[in-house]
Structure formats: C-alpha cells, structure tokens
Amino acid sequence: MKLSRRDFLKISGIGGLVFSTGLSGARVLAQAGGADEFYFIQLSDTHWGFNNLKFNADPEGTLPKAVATINSLQHKPDFVVFTGDLTHTTDDPEERRRRMKQFKSIAERLEVAQVRYLPGEHDAALDAGAAYQEFFGDTHYEFSHRGVNFIALDNVSDPRARLGDAQLKRLQSKMAELDHAQPLVVFAHRPLFPLRPDWDWATADGEQAIQLLMSHPRVTVFYGHIHQEHHQQTGHIAHHSAKSLIFPLAPPTSAGKKFKVAWDQQQPYAGLGVRQVGLSEKRAVAEIEELQIKT
Amino acid sequence: MWPLLLAVAASSCTTLSGNEDPPRVVTLEARRFAYTPAVIELNKDQPVILELISKDGLHGFNAPQLGLRSDVAPQAPARLSFTPHEKGRFLFHCDIFCGSGHDEMSGEIVVVD
Ligand SMILES: [Cu+2]
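Position numbers for residues start from 1 in each chain and track the written sequence from start to end. Written order determines the labels here, with chains lettered from A and ligands numbered from 1. The predicted origin of the model limits local features to residues at a pLDDT of at least 70 and limits the giving and counting of side-chain atom pairs to 80 or more, whereas totals for whole chains, interfaces and linings rest on all residues. Only hydrogens and water are set aside; all other atoms, that is, all heavy atoms of the structure, feed into the side-chain values.

Caption draft 1: Summary view of the interface of chain A and chain B. If you look at the interface, chain A gives 19 residues, while chain B gives 22 residues. Overall, the association of chain A and chain B removes approximately 1700 Å² of surface from exposure, summing both partners, and the carbon and sulfur fraction of that is 53%. Ranking the residues of chain A by area buried against chain B places Arg160(A), Asp198(A) and Lys257(A) at the top, with a combined share of 34%. Any Lys or Arg side-chain nitrogen located within 4 Å of an Asp or Glu carboxyl oxygen qualifies as a salt bridge. On inspection of chain A and its partner chain B, the count reaches three salt bridges. For Asp71(B), the salt bridge identified is with Arg160(A), shortest N-O distance 2.6 Å. Whenever two N or O atoms come within 3.5 Å, that pair is a polar contact, provided that in protein one can donate a hydrogen and the other can accept it, and provided that, for residues adjacent in sequence, both atoms are side-chain atoms. The interface formed by chain A and chain B contains 10 residue pairs in polar contact (both at pLDDT 80 or more). Residues are sorted three ways: Asp, Glu, Lys and Arg are charged, Ala, Val, Leu, Ile, Met, Phe, Trp, Tyr, Cys and Pro are nonpolar, and all the rest, Gly among them, are polar. Of the residues belonging to the side of chain A that touches chain B, the class tally is six nonpolar, four polar and nine charged. Pairs of residues are marked as contacts when any of their non-hydrogen atoms sit within 4.5 Å. Once two parts are put together, the accessible area they lose, assessed with a 1.4 Å probe and summed over both, is termed the buried area.

Shown next, in the form of structure tokens:
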C-alpha cells in the first residue's frame, strides 16, 4: 500500500510537529522513514548574470538565499541537483566563465555531500558545452544512489535542442542494463515531451528518448526550462518541472506569446523556490514537496 | 491539444488550380533577436511562398501549429511554400539557440479571410 505523505505523518505520530515547524515531508521521510528512504533537492534555472530588475529585484541575492534555505534544513538532502540554465547566456566567452565561476562558488556553499549539475541552453548552446565542461564536467552522465538509478540527459548543448544519435544510443544501451526492480530517475533541462512546442518547450528528438524510457516500469523525469512547477504523464512516465530561481514564466495554458512574470513588490520571490524529492528503492512514486526560499 | 495541421506544406512547384490565386511571396528577415515583420498577415486559401533570410548568424523558423520549419541562414534564403486553410493566429519562433534574446525571438502569422 502506498501511503500519502499525510498518512505517513499520521502514522509516524509526528504530523503535528511536522506541520507546526514547517519541517518537510521529504526530510521527515529521511528522518523517520525506512532506512532506505532518502531525499534530494532540485534547483533550476538560476540564470546567474541575468539582471533585469523588473523581473527579479534581487538577482544576486536569490541564489544565495536558496542556498541558505537549504543549509538551514535540519536534515540534509543526500545531494542537490541543478537542472540547467545555471548562468544567463552571454556572447563573451570570458564573461560566460566569470558567471560560471561565481555561480559555482555560491553553489559550493551548499552544506551537502554532493552537488550535481546539468547544463541548460543558456550555459551550453553557444559553445557546444565547452565552458560548461571546464567548470562542471560531463554534460550527461549516469549514477546510482541507494538503490535508485539516475540518468542525466543533455538536450541543450546542441543549439537545435537535440539529444542526438550518440546520446540516444548510449541511453538505449543503458536502458538494456538497468535492473527494473530499481526505480529510474531522469534529469534533463528541457521537457522531453512536447509541452508547448510553439513556445520552444520541447526537445526535438525527445520522443525517441521517451520511447526508450518506456521499457522501464518506474521512471520519473525531473526537468527545468519552463520556470514553474508542472506535472504531466506520458504513459506511465511522470514528468515534473521545477520552479526557477530567477523569474517565473507564464503557464503553458496562456494564450499568445510566452512571457516572463514581473517581480511583485508585494510578494517578492513569489513563484520561485526549490524542490525536495523523497525516494527509496521500494517507493513506487517519488514524494515531491516544494519549498519557498527564506528571505 | 493542437489544432489539426492547418496548412499543407506543398512543393515549391505548386500547380495552381483554377480558382486559386498565384502564390504571394512574403519575405521574413531574422536577426538577433527579432523577425521583421513580427506579424505576417496572410489570406486564407491563398498560396504563399515564405522567403526566410538572416541578417546575421544562423536562426531557425518554427511554426509547429502550421507544420512549418526551416533553418534561416544568411546569404542563402530558404523558401517555404504553403497554403493556409484555416483562419487564426499561429506563433512562430527561433528554434536554434542564438543568444541572450533567443527566448523572445518569435512572431505571429495571422490568417484572415
Ligand atoms: Cu535566433
């Protein structure tokens, strides 16, 4: 039987404490759940270097505040992952590296065992990921953690937003190796499914990746790019996009052109945030909880 | 979720049936980070040749609701021939990442009677 977070908290007898102190479900799972429960944090679209105050009146403070929010958590995540657009793009290769260096020095203040990175098109599309790799390593990779397999895909280093044949081939052989008894979590910057193609919210060859992923019974995809929370299924695969840490974009149901949501002085940092994801080898569905950044 | 493909991308040697008008040629210029014109008004059922040219580097032209896409390169204009058969407003955007304003590089095709 799958317990909801609320059920879990009730059963564990710490629900009141949890809600009154604002402790999150994912952390509670890590604290009081089975030994195999763990959680990680997803951050996305920090766009370091973006400085239009109309859309973020605190462009240099938002990321440090998110880092401080995570560092203040009583129970630390096993790792933090940034799903792309770490920096805002620039034509100047030196400025790009300056932004990456600054971004990385802030991200490294996270008091967690490991910080993982993925590129977004702003980081990697103008130089095929060259600067990104100098600072953050491979643009796509795999790892496993406590009985869960992870695959980070790169659908941004090609300015045409393609994974490309080489990466699809690698995904295919990886999928053949995976133990279906263990859950699979996929990270990417852009949505693999055509969420809103006329807003460029798609991956040119994403359908091929989804077809490969379909062979696995428990797949969850976490991505960014669209600067807001969004949840969608393609078959049995769940796709969850994360909020940005710079500005929200309009919801995909909006008519007309894509637009940024302006900063609201009455509600600063609204629409921005970080996400906790609780997982375990046995858990069928990832436990997701959105956290506001502390200001 | 999307309207049916409204336009049929025909070959550039479209044979004109009796009551169809000759193709109208519309030039669309791309430069970082805008298209000129940003809004293209077309007449329903009138064949069109869209001539795409870049004034700087490589861009894309993608109008997914119309089933149209092409690279937009400097020097060598690309041509897309089609006939819109449905009224409405259809977005197009640059789908080859081109820099800091790429996310805003878009336009609209408006098909009227
Ligand atoms: Cu462009």
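Caption draft 2: Spatial organisation of the coordination of the copper ion. All names here are of chain B. At 2.1 to 2.8 Å from the copper ion lie its protein donor atoms, namely His59 (ND1), Cys94 (SG), Cys98 (SG) and Met105 (SD). Donor atoms (N, O, S) are those found within 2.8 Å of the metal centre, with the cutoff raised to 3.2 Å for Na, K and Ca; water is not part of the atom list, so apparent gaps in a site can occur. Geometry assignment treats four donors as tetrahedral when all angles are between 85 and 135 degrees, treats four as square planar and six as octahedral when opposite donors are over 155 degrees apart and all others between 65 and 115, and treats everything else as irregular. Geometry at the copper ion is tetrahedral, judged from the four donor atoms that bind it and their angles of 89 to 123° at the metal. For the copper ion, the donor residues sit on a single chain with the sequence spacing H-x34-C-x3-C-x6-M. One end of the pair, His59, is in strand β6 (residues 59-63); the other, Met105, is in the loop between β9 (88-93) and β10 (106-112), and 46 residues separate them in sequence. Assigned by exposure class, His59 and Met105 land together as buried. Secondary structure elements follow DSSP: runs of H or I of four or more residues count as helices, runs of E of two or more count as strands, with numbering from the N terminus. When a residue's accessible area, from a 1.4 Å probe over protein chains only, is under 20% of the maximum for its type it is buried; when over 50% it is exposed; and in between it is partly exposed.

Caption draft 3: Focus on the layout of surface pockets. Space inside and on the surface of the protein is sampled on a 1 Å grid over the protein atoms alone, with a cavity defined as a set of points where a 1.4 Å probe fits but cannot get out and a pocket as an open set with protein on both sides within 12 Å along at least 5 of 7 lines; lining residues have an atom within 4 Å of a point. Grid points are joined across faces, edges and corners, and a volume is the space filled by probe spheres set on the points. Approximately 360 Å³ is the volume found for the largest pocket. Surrounding the largest pocket, 19 residues form its lining, Ala202(A), Thr203(A), Ala204(A), Asn62(B) and Asp95(B) being those nearest its centre. Here the residues of the lining of the largest pocket are counted per class, giving eight nonpolar, four polar and seven charged. Reported here for the second largest pocket is a volume of approximately 200 Å³. As for the second largest pocket, its lining consists of 17 residues, of which Phe247(A), Leu249(A), Lys260(A), Asp103(B) and Glu104(B) are closest to the centre.

Honestly, that's just the spatial picture; any functional story needs more than this.
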